Amino acid sequence: MKKTMTRLADGRELIYYDLRDDVVRDDTDRRPLDPVSTASEIRHDRLLGDAVAVASHRQGRTYHPPADACPLCPSRDGHGTEIPAADYDVAVFENRFPSLAGDTGRCEVVCFTPDHDASFAALTEEQAALVLEAWTDRTAELSQLPGVQQVFCFENRGAEIGVTLGHPHGQIYAYPFTTPRTERMLAQLAAHRTATGGRNLFDDVLADERADGRRVVLDTGHWTAFVPYAAHWPYEVHLYPKRRVPDLLALGEDARTEFPQVYLEVLRRFDRIFGPGEPPTPYISAWHQAPLYAADRGEFALHLELFTVRRTSGKLKFLAGSESGMNVFINDVPPEAAAERLREVASE
């Protein structure tokens, strides 16, 4: 992997990750951009104890542009984009419309491929491995920023999820706090350790799912993918390395090498859940990494959670009264049935 760092016309950072070492990245961003102006603010909810990012500047962000005006495609034919080069492998840049900025953290965009009409599932294993390298490198770099407490790599895919740019891409958030979902995991981790005389919750969950087997989707040399016992979403898969590590930086070489094959297979199965002729399955793919300064950081388990809001052909799972009002999920698809379906659509 070759890493090249440069700047966009408004001063934001852009990083190229290339498969070839002989690639030269000296293209200049010639767009007449105004300096980025953000109004990001973190407010704390006194009743729930969690944080809300208020970012009014995001109202003006790019919204469903036509393909020939996509800001994530390479710059070609006189059309300047966020990526000045005429081609790229993987590119990462500071978001022009960040949810978090300055003292409130940082947001980056990760472009997986220059092909506007592709998807992560369409990448080769070599390309997917390069994305993993980029996620890992950015986690390392963002972890060094003052005030950052947690780094979150994720992908939103599909208009049903709320994606405003169709080009295959993900994002990375560097939070100045530990997220509420992770706080709940850490609390459960501590409670389980106390209740079991020191056992690790993540280890026990993984062992129990593998022993039961009904919800296991894939079980390889270094990874296990399963539908969780209490899945919140119609089709939801959790992907764990078999050797527990707290973050992407600590992932072993064997697991790192095997990851592209496993992850691409899971994504391709997601696209086949609802049968031939169906549009691509919308999903959220989220890496859970340990907070940087948690006291029990070594007890946390890196894992990826992948889920879709589509519950059946042409129908979505909406977060209505119970889910949005009380955070009590109601799942129409039994996790065992979801796992069986994901096994049925395995690649031949």
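As the structure is a computational prediction, the values presented were derived from the model and not from experiment. (Residues numbered from 1 in each chain as written. Predicted model: local features only at pLDDT ≥ 70, side-chain atom pairs only at ≥ 80, totals over all residues. Heavy atoms only, no water.)

Student: What exactly am I supposed to notice about the pairing of strand β3 (residues 40-44) here?
Tutor: Residues in a regular strand project their side chains so that they alternate between the two faces of the sheet. Pairing of β3 with strand β4 (residues 51-55) involves five bridges; the strand directions are antiparallel. In the sheet register, R43 faces β4, and the bridge partner there is V52. (Pairing = 2+ DSSP bridges. Helix = DSSP H or I, 4+ residues; strand = E, 2+ residues; numbered from the N terminus.)

Student: Would you mind showing me how to read the pattern of salt bridges here?
Tutor: Pairs may arise between side chains of opposite charge once their charged atoms sit close together. For the structure on display, the rule yields 34 salt bridges. Residue R106 is joined to E108 by a salt bridge in which the shortest nitrogen-to-oxygen separation is 2.8 Å. Across the salt bridge formed by R297 and D247, the nearest N and O atoms sit 2.7 Å from each other. Taken together, the residues span a long stretch of sequence, with R297 in the loop between β12 (283-288) and β13 (303-308) and D247 in the loop between β11 (235-241) and α4 (253-270) at a distance of 50 residues. Owing to a relative accessible area of 9%, D247 belongs among the buried residues under this scheme. Residues joined by salt bridges that share partners form a network here, namely R7, E13, E94, R106, E108 and R138. (Salt bridge = Lys/Arg side-chain N within 4 Å of Asp/Glu carboxyl O. Buried < 20%, exposed > 50% of the residue type's maximum accessible area, 1.4 Å probe, protein only.)

Student: Teacher, can you tell me more about the environment of A320 here?
Tutor: Take A320: it is sitting in the loop between β15 (315-316) and α5 (321-326). In this structure, the C-alpha to C-alpha distance between A320 and V148, residues 172 residues apart in sequence, is 33 Å.

Student: What is the right way to read the nonpolar core from this model?
Tutor: If you look at soluble globular proteins, the nonpolar side chains tend to sit buried side by side. Grouped together as the largest cluster of nonpolar side chains are 53 residues, with contacts concentrated most on F120, W135, F270 and W287. Take this core: its biggest share by element is eight residues, from α4. If you look at the next biggest cluster of nonpolar residues, it comprises 14 residues, including Y16, A85, A91 and C111. (Core = buried A, V, L, I, M, F, W, Y, C linked by side-chain atoms within 4.5 Å.)

Student: Honestly, the packing of aromatic side chains in this entry has me stumped. Any pointers?
Tutor: Given two aromatic rings, one states the distance between the centres and the angle between the planes to describe the pair. Per the counting criterion, the structure on display carries 18 aromatic pairs. Ring centres of F152 and F154 lie 4.6 Å apart, and the angle between their planes is 15°; on these two criteria the pair is classed as stacked. We note that F152, like F154, is buried. Plain terms: the ring middles of Y175 and F177 are 5.4 Å apart, the flat faces sit at 40° to each other, and that makes the pair tilted. Taken together, the ring pairs in this structure connect F112, F120, W135, W223, F259, Y263 and W287 into an aromatic cluster. (Phe/Tyr/Trp six-rings, centres within 6.5 Å; stacked < 30°, edge-to-face > 60°.)

Student: So what exactly am I meant to see when it comes to the UniProt feature "active site" (unreviewed entry) in the protein here?
Tutor: Mapped onto this numbering, the UniProt entry gives "active site" (unreviewed entry) at H169. Every residue in contact with H169, bar those within four places of it in the chain, is listed here: L72, V109, V110, C111, F112, E155, N156 and V163. From its side chain, H169 meets the backbone oxygen of H167 in a polar contact 2.6 Å long. (UniProt positions renumbered as here; feature names shortened; annotations may be inferred. Contact = heavy atoms within 4.5 Å. Polar contact = N/O pair within 3.5 Å; in protein donor to acceptor, adjacent residues only side chain to side chain.)

Student: Which parts of the structure should I look at to understand the UniProt feature "binding site: Zn(2+)" (unreviewed entry) in the protein?
Tutor: When the UniProt feature table is mapped onto this chain, "binding site: Zn(2+)" (unreviewed entry) is found at C70, C73, H116 and H167. Taken along the chain, the residues just named run across 98 residues; in space they keep tight, none of their C-alpha pairs more than 8.2 Å apart. Along the chain, the position of C70 falls in the loop between β4 and β5 (90-94). Here C70 is in contact with P65, H79, T81, H116 and H167, once residues within four sequence places are set aside. Contacts of H116, omitting those with residues within four sequence positions, involve A67, C70, C73, G166, H167 and P168.

Student: Just checking my understanding: could you explain the packing of helix α2 (residues 180-195) against helix α3 (residues 201-212) for this structure?
Tutor: Helices that pack against each other are described as a pair by the angle of their axes relative to one another and the distance between those axes. Between α2 and α3, the shortest axis-to-axis distance is 9 Å and the interhelical angle comes to 85°. The angle between α2 and α3 places the two elements in the roughly perpendicular class. The residues of α3 that touch α2, namely those facing M185, Q188, L189 and H192, are L201, F202 and D204. Its residues assigned to classes, the contact of α2 with α3 shows four nonpolar, two polar and one charged. (Axes fitted to C-alpha atoms, helices over the stretch in contact; angles between N-to-C directions. Parallel < 35°, antiparallel > 145°, perpendicular 65-115°, else oblique. Nonpolar A, V, L, I, M, F, W, Y, C, P; charged D, E, K, R; others polar.)

Student: Help me understand the environment of T28, please; the structure alone is not making it clear to me.
Tutor: Tracing the backbone shows T28 in the loop between β2 (13-18) and β3. Sequence spacing of T28 and L8 is 20 residues, and the spatial spacing of their C-alpha atoms is 7.6 Å.

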